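These are the residues of each chain, in order.
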Amino acid sequence: SKGWDADYHRICVRALLSSCYGVYLNVFNTHLEWAGETARNKGLELIVNRARDVDYPTLICGDFNAVQGSDTYDLISKSFFDAARYAPKSDSGWTAHDWGLFDPAWSKPIDFIFSSKDLRALEYDILQDEISDGVYYSDHYAVVAKLRHDYALKYVR
């Protein structure tokens, strides 16, 4: 939808994943507004409220268009853990690169993987990969995390 002070329509995709063992994982993937701070924060507030309504381990990930210490980051980190901050093995650096045109304004990550408190981040990486000859998959690097849920049996039906 497009609301508040947004320049563009924004989305959030939600998936409930299950394993053959009956273990569930709730995943939200979003691309928040880049220009309008109200739209960015209100959009994230909607996602966080939906994520709190489920009883399964939850991930909220994507392009947040905000850095650590911003109002947007602080809003989600009250309820969810940033895998990059809590993983014992963690990569650091920028995540947006505009097709390889590095700009110092983008020197901090804006793409995150947040997890519910019942998941523990073990590893976090920023995949700074090119296809070849300076060709990139996207204008952002992929971020990946290895997480563990020690109480998975609680979610077996």
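Keep in mind that what you see is a predicted model, and the values were worked out from it rather than measured.

1. Details of the sheet that holds strand E3 (residues 58–63)
Okay, step 1: Taken together, five strands build an open sheet; the order of strands is E1-E2-E3-E6-E4 and the sheet is mixed. Each end of this open sheet is capped by a strand with a single partner; those strands are strand E1 (11–18) and strand E4 (81–82).
Okay, step 2: Across five bridges, E3 lies against strand E6 (residues 111–115) in antiparallel orientation. Bridge assignment links Asp 63 to a residue of E6, and that residue is Asp 111.

2. Thoughts on a negative patch on the surface
Okay, step 1: Taken together, Asp 5, Asp 7, Glu 37, Asp 71 and Asp 74 make up a surface patch of like negative charges.
Okay, step 2: By the secondary structure assignment, Asp 5 is in the segment before E1.

3. A word on the layout of surface pockets
Okay, step 1: In this structure, the largest pocket occupies an estimated 390 Å³ of space.
Okay, step 2: Forming the walls of the largest pocket are 21 residues, and the residues nearest its centre are Ser 1, Cys 12, Gly 43, Leu 46 and Ile 47.
Okay, step 3: Put simply, the parts of the chain that give the lining of the largest pocket at least two residues each are E1, strand E2 (24–31) and helix H1 (37–52).
Okay, step 4: Among the elements that take part in the lining of the largest pocket, H1 stands out by supplying six residues, more than any other.

4. A look at the nonpolar core
Okay, step 1: Among the nonpolar cores identified, the biggest contains 14 residues, and Leu 59, Ala 83, Ile 113, Tyr 124, Ile 126 and Val 143 are the most heavily contacted of them.
Okay, step 2: Elements that contribute at least two residues to this core include exactly E3, helix H3 (83–86) and strand E7 (120–127).
Okay, step 3: Counting residues per element, this core draws most heavily on E7, which supplies three residues.

5. Section: the pattern of salt bridges
Pairing between side chains of opposite charge can happen when the charged atoms of each approach one another.
Okay, step 1: All chains considered together, the criterion is met by two salt bridges.
Okay, step 2: Arg 10 is the salt-bridge partner of Glu 33, the closest N and O atoms lying 3.4 Å from each other. Of this pair, Glu 33 sits in the loop between E2 and H1 while Arg 10 sits in the segment before E1, and the two are 23 residues apart along the sequence.
Okay, step 3: Given a relative accessible area of 18%, Arg 10 falls into the buried group.
Okay, step 4: Ionic pairing is found between Glu 123 and Lys 89, a salt bridge with its closest N-O pair at 3.9 Å. Residue Glu 123 is located in strand E7, and its partner Lys 89 is located in strand E5 (residues 89–90); the two are separated by 34 residues in the primary sequence.

6. As for the side chain of Thr 58
Okay, step 1: Structurally, the position occupied by Thr 58 is in strand E3.
Okay, step 2: Of the residues examined, Thr 58 reaches a relative accessible area of 1% and is grouped as buried.
Okay, step 3: Among the polar contacts made by the side chain of Thr 58, one reaches the main-chain carbonyl oxygen of Tyr 56 at a distance of 2.9 Å.
Okay, step 4: Each residue touching Thr 58, except ones within four places of it in the same chain, is listed here: Leu 25, Asn 26, Phe 28, Ala 51, Phe 80, Phe 114, Ser 115, Ser 116 and Leu 119.

The rules we used
Residues numbered from 1 in each chain as written. Predicted model: local features only at pLDDT ≥ 70, side-chain atom pairs only at ≥ 80, totals over all residues. Heavy atoms only, no water. Pairing = 2+ DSSP bridges. Helix = DSSP H or I, 4+ residues; strand = E, 2+ residues; numbered from the N terminus. Patch = residues over 30% accessible without salt bridge, like charges linked within 9 Å, V, L, I, M, F, W, Y side chains within 5 Å. Areas by Shrake-Rupley, 256 points an atom, 1.4 Å probe, with all protein chains shown as cover. Salt bridge = Lys/Arg side-chain N within 4 Å of Asp/Glu carboxyl O. Lys, Arg positive; Asp, Glu negative; His and termini not counted. Charge placed at Lys NZ, Arg CZ, Asp CG, Glu CD. 1 Å grid on protein atoms, 1.4 Å probe; cavity = no way out; pocket = protein on both sides within 12 Å on 5 of 7 lines; lining within 4 Å. Points joined across faces, edges and corners; volume = space filled by probe spheres on them. Core = buried A, V, L, I, M, F, W, Y, C linked by side-chain atoms within 4.5 Å. Buried < 20%, exposed > 50% of the residue type's maximum accessible area, 1.4 Å probe, protein only. Polar contact = N/O pair within 3.5 Å; in protein donor to acceptor, adjacent residues only side chain to side chain. Contact = heavy atoms within 4.5 Å.

Structural measurements only, silent on function.
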